[in-house]
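Geometric and topological summary
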Amino acid sequence: MTMVDEHGPALHGDAGDLEAIERLAAVGTWRLDLRTGEYTWSPGLYRLMGEPETFVPTAENRWQMCHPDDRHLLDAARTAIDRGEPFRLRYRIVRPDGAVRWILNTAEPIRDGGGAPLAYRGVVRDVTTETEYHASLERDRRRLMEAQAVARRLQQPEAAVAL
């Protein structure tokens, strides 16, 4: 349902809604036609990947975008696609400006009436902030555990004598 304010544009259903949602949520969508191998990206995915909308996404340049240490995960995605299975992978990309970003790529097959996969559709979300936050928490947790271990050793009578 589209709601129109008598003093302005529609509140829902505006053609720019999807692009605004993608921008606000730091997400983008993609589609892979299994018959042609052609990838289609949304404006949000071009923005997330740091590429101009004139960029033509292919399997090869997707491989090049992936951080070298995470390329084995693209092999896992390819295996899932070959099997017609959904997948959800978190890995790093290296944008053209050199920035390294963590992304979460979630995809599912689109099937024909007989159940055979025709295409894949996916959503990519930039999870860099969350990933770095969790890594920071893990570092802090390890430091706290080390400090607690030192404190326990210092509380032991033989440790006090050795000092």
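Refer to the structure above for everything that follows.
Attention here is on the structure that accompanies the text. (Residues numbered from 1 in each chain as written. Predicted model: local features only at pLDDT ≥ 70, side-chain atom pairs only at ≥ 80, totals over all residues. Heavy atoms only, no water.)

A few words on the pattern of salt bridges. In this structure the tally under the stated criterion is eight salt bridges. Residue glutamate 19 is joined to arginine 47 by a salt bridge in which the shortest nitrogen-to-oxygen separation is 3.9 Å. Of this pair, glutamate 19 sits in helix H1 (residues 17-25) while arginine 47 sits in helix H2 (residues 43-49), and the two are 28 residues apart along the sequence. The salt bridge involving arginine 121 is made with glutamate 108; its shortest N-O contact spans 2.7 Å. In this pair, arginine 121 sits in strand E5 (residues 117-126) while glutamate 108 sits in strand E4 (residues 100-111), placing the two residues 13 residues apart along the sequence. (Salt bridge = Lys/Arg side-chain N within 4 Å of Asp/Glu carboxyl O. Helix = DSSP H or I, 4+ residues; strand = E, 2+ residues; numbered from the N terminus.)

Moving on to unusual backbone geometry. Note: most residues except glycine have negative phi, and most peptide bonds are trans. Despite not being glycine, alanine 26 has its phi angle at roughly 55°, a positive value. Its location among the elements puts alanine 26 in the loop between H1 and strand E1 (27-33). Accessibility expressed as a relative area gives 32% for alanine 26, which makes it partly exposed. (Buried < 20%, exposed > 50% of the residue type's maximum accessible area, 1.4 Å probe, protein only.)

Next up on the list: the nonpolar core. Of all hydrophobic cores here, the largest spans 24 residues; its most connected members are Trp30, Trp41, Met49, Phe87, Tyr91, Ile103 and Tyr120. When residues of this core are traced back to their parent elements, those giving at least two are E1, strand E2 (39-41), H2, helix H4 (71-83), strand E3 (87-94), E4 and E5. Broken down by element, the residue count for this core peaks at five residues, all from H4. Residues within four places of tryptophan 41 in sequence aside, it is in contact with Thr29, Trp30, Tyr46, Met49, Glu51, Phe55, Pro57 and Met65. (Core = buried A, V, L, I, M, F, W, Y, C linked by side-chain atoms within 4.5 Å. Contact = heavy atoms within 4.5 Å.)

Here we come to the packing of aromatic side chains. Counted by the stated rule, this structure contains five aromatic pairs. Centre to centre, the rings of tryptophan 30 and tyrosine 39 are 6.3 Å apart; their planes meet at 50°, and the pair counts as tilted. Taken individually, tryptophan 30 and tyrosine 39 each receive the classification buried, so the pair is uniform in this respect. Between tryptophan 41 and phenylalanine 55, the ring centres sit 5.6 Å apart and the planes meet at 35°, which makes this aromatic pair tilted. One end of the pair, tryptophan 41, is in strand E2; the other, phenylalanine 55, is in the loop between H2 and helix H3 (59-65), and 14 residues separate them in sequence. Comparing tryptophan 41 with phenylalanine 55 shows no difference in burial state: the two are buried. In textbook terms, an aromatic cluster arises when at least three aromatic residues are bridged by ring pairs, as seen for Trp30, Tyr39, Phe87 and Tyr120. Above the face of the tryptophan 102 ring, arginine 90 is positioned so that its terminal group lies 5.5 Å from the ring centre. (Phe/Tyr/Trp six-rings, centres within 6.5 Å; stacked < 30°, edge-to-face > 60°. Lys NZ or Arg CZ within 6 Å of the ring centre and 35° of its normal.)

Treat this as a map of the structure, not an account of what it does.
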